[in-house]
Amino acid sequence: MIVEIDPDAATPPYEQLRTQIAALIRTGKLAVGARLPSIRQLARDLGLAAGTVARAYRELEAAGYLRGRAGQGTVVRDIPAVLETERTARLTDAARAYAATVRELGIDIDVALTTARYHLTDPAG
Amino acid sequence: MSPMTAKLVGLLVVPVLVLLIGFRPVSGRRVARFATEYDVTLTRGTRPVLSAYLARTSRWRAGGGAIGWLAAGVLTSSGYHYFLGVAGYLVGAIAAEVGAPLPMPEGRRRASLVVRRPGDRLTWGARWGPVLIVAALGVHTWLYQVWPKAAQAKVPSSQVILDLAGIVLATAVLWLACRFIVMRPRPVRAADLGEADDGIRASSLQTISGASLALMCLAALDAMWAMLLDLDAPEPYNWVMNVLACAMLLAALYSWFGIRTRPRPATKVPA
């Protein structure tokens, strides 16, 4: 399992990391009970500050995805239930952000939809 | 040749040979041998990386070993050349690891979510060696103490404590060095460079764990040898202690020449 950070993206690195790990847990690629690397290891490998990875882990813990225990590291806890209203709100926010980027870049709607579909169906994520 | 000249030649021959071997240019055959041993695919990208690694580590290790050997001749009486030579080699091997062998890739940064641990690469001998060495020294010292003439024992306890401290120090160095090497940044790279990185880590771990264990064995052997020289014990004490000392000598040789690490981390299945 690989996570990828784009340092030039508008989304902050901690948020990129958070969404990717959450997606890996939701899709079952990271099973419940699986151990994640330490904050220091992941931060070094990604060339990020330890605080950035710590924030991503902290938010995932707060959302119920992860559990951190002293001496045991960070493990996948569960797939937390998301309320329908929250899911819709977050999907709308993400779609709006994507639409804004597409407009800013002056990209044709069909191209934008094809690109989005490609990334939604790409097995590599 | 006067005894003084003979002593000087004896002192200089080994370090000069070590330096000549350590500083010789890295040949293509040597790179190919390394690649075969550590399961690395030789490509246009990996060849210069491995060549630079072999040149840097060979020089540092040879330099450290030569300085250690010379220091033994200058600072101590004879008999400690091997010990300080191996210690110097170990210091040089660790110093060579400080320079990052592979640069971080440009652009998007990718990393694996697999946990890295030193134990995933070290073999059984490298992990449990320090415990076995201390146990053997403990049994040897106990036999020396319980034998009927223990009241006249001439080996000072300070020597055993000093050797034990050396073993503990070498264990700490081994543990910290292994941790440093395994926890070094490992971004996701092209497949061939990833293999080279794995091979470099395995080779460094192998050298440092082998030299550390050999040093521990030599420290234990120093105390054991002193006890054996002072020994006038009945059988089977004598036999057991001789066997333990011989085993320690063989263990030192095995550590230096035989210890191996895994080119790839042991496969883990997430719990």
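Keep in mind the model is a prediction, meaning the values are calculated, not measured.

Q: Can you explain the overall build of chain B? Please cite residues and give values.
A: Scanning chain B from N- to C-terminus turns up eight helices and one strand. Start at the N end of chain B and walk to the C end: the helices and strands fall as α-α-α-α-β-α-α-α-α. Over its C-alpha atoms, taken along the principal directions, chain B stretches across nearly 70 × 60 × 25 Å. Put simply, 82% of the contacts in chain B that link residues at least 6 apart link residues at least 24 apart. In the structure as shown, chain B presents an accessible area of about 14,300 Å², 70% of it carried by carbon and sulfur atoms. Of the side-chain charges in chain B, 28 are positive and 14 negative, and the distance between the mean point of each set is 9 Å.

Q: Any chance you could break down the interface of chain A and chain B for me, citing the residues and the numbers?
A: Listed by partner, the interface residues are 24 residues for chain A and 20 residues for chain B. Buried surface at the junction of chain A and chain B, summed over both partners, amounts to about 2,000 Å²; 54% is from carbon and sulfur atoms. Of all residues in chain A, the largest losses of buried area upon contact with chain B belong to E4(A), Q41(A) and D45(A), amounting jointly to 29% of the total for that side. Our count for the contact surface shared by chain A and chain B stands at four salt bridges. E4(A) is paired through a salt bridge with R108(B); the nearest N and O atoms lie 2.6 Å apart. Of all the secondary-structure elements, those providing two or more residues to the side of chain A that touches chain B are β1 (2–5), α1 (13–26), β2 (35–36) and α2 (39–46) of chain A. Counting residues per element, the side of chain A that touches chain B draws most heavily on α2(A), which supplies five residues. For the side of chain A that touches chain B, the per-class residue count stands at 15 nonpolar, four polar and five charged.

Q: Can you tell me about the UniProt feature "domain: HTH gntR-type" (unreviewed entry) in chain A, naming the residues and giving the values?
A: Within this numbering scheme, the UniProt entry marks residues 11–79 of chain A as carrying the feature "domain: HTH gntR-type" (unreviewed entry). Along residues 11–79 of chain A one finds 51% helix and 14% strand; the C-alpha atoms at either end are 24 Å apart.

Q: An account of the pairing of β1(A) is requested, with residue identities and associated values reported.
A: Burial of β1(A) is one-sided: the residues V3(A) and I5(A) facing one way are buried, the residues I2(A) and E4(A) facing the other way are not. The pairing of β1(A) with strand β1 (residues 109–112) of chain B spans four bridges and is antiparallel. Residue pairing in the sheet places V3(A) in a bridge with A111(B) of β1(B).

Q: Describe a nonpolar patch on the surface, naming the residues involved and giving the relevant values.
A: Residue and element names in this part refer to chain B. Taken together, L8, V9, L12, V13, V14, V16, L17, V18 and L20 make up a surface patch of nonpolar side chains, about 700 Å² in accessible area. With respect to the helices and strands, L8 occurs in helix α1 (residues 3–22). We classify L8 as partly exposed; its relative accessible area is 47%.

Q: Report on the sheet that holds strand β3 (residues 66–69) of chain A, specifying residues and quantitative values.
A: Residues and elements named next belong to chain A. An order of β2-β4-β3 is seen for the three strands of this open sheet, with the pairing classed as antiparallel. Only two strands of the sheet have a single partner each, and these edge strands are β2 and β3. When β2 meets strand β4 (residues 73–76), the two strands line up antiparallel, connected through two bridges. Residue pairing in the sheet places R35 in a bridge with V75 of β4. Sitting on the sheet, helix α3 (residues 50–62) touches β2, β3 and β4, and the angle it makes with β3 is about 115°.

Calculation notes
- Residues numbered from 1 in each chain as written.
- Chains lettered and ligands numbered in written order.
- Predicted model: local features only at pLDDT ≥ 70, side-chain atom pairs only at ≥ 80, totals over all residues.
- Heavy atoms only, no water.
- Helix = DSSP H or I, 4+ residues; strand = E, 2+ residues; numbered from the N terminus.
- Contact = heavy atoms within 4.5 Å.
- Areas by Shrake-Rupley, 256 points an atom, 1.4 Å probe, with all protein chains shown as cover.
- Lys, Arg positive; Asp, Glu negative; His and termini not counted.
- Charge placed at Lys NZ, Arg CZ, Asp CG, Glu CD.
- Buried area = accessible area lost by both parts, 1.4 Å probe.
- Salt bridge = Lys/Arg side-chain N within 4 Å of Asp/Glu carboxyl O.
- Nonpolar A, V, L, I, M, F, W, Y, C, P; charged D, E, K, R; others polar.
- UniProt positions renumbered as here; feature names shortened; annotations may be inferred.
- Buried < 20%, exposed > 50% of the residue type's maximum accessible area, 1.4 Å probe, protein only.
- Pairing = 2+ DSSP bridges.
- Patch = residues over 30% accessible without salt bridge, like charges linked within 9 Å, V, L, I, M, F, W, Y side chains within 5 Å.
- Axes fitted to C-alpha atoms, helices over the stretch in contact; angles between N-to-C directions.

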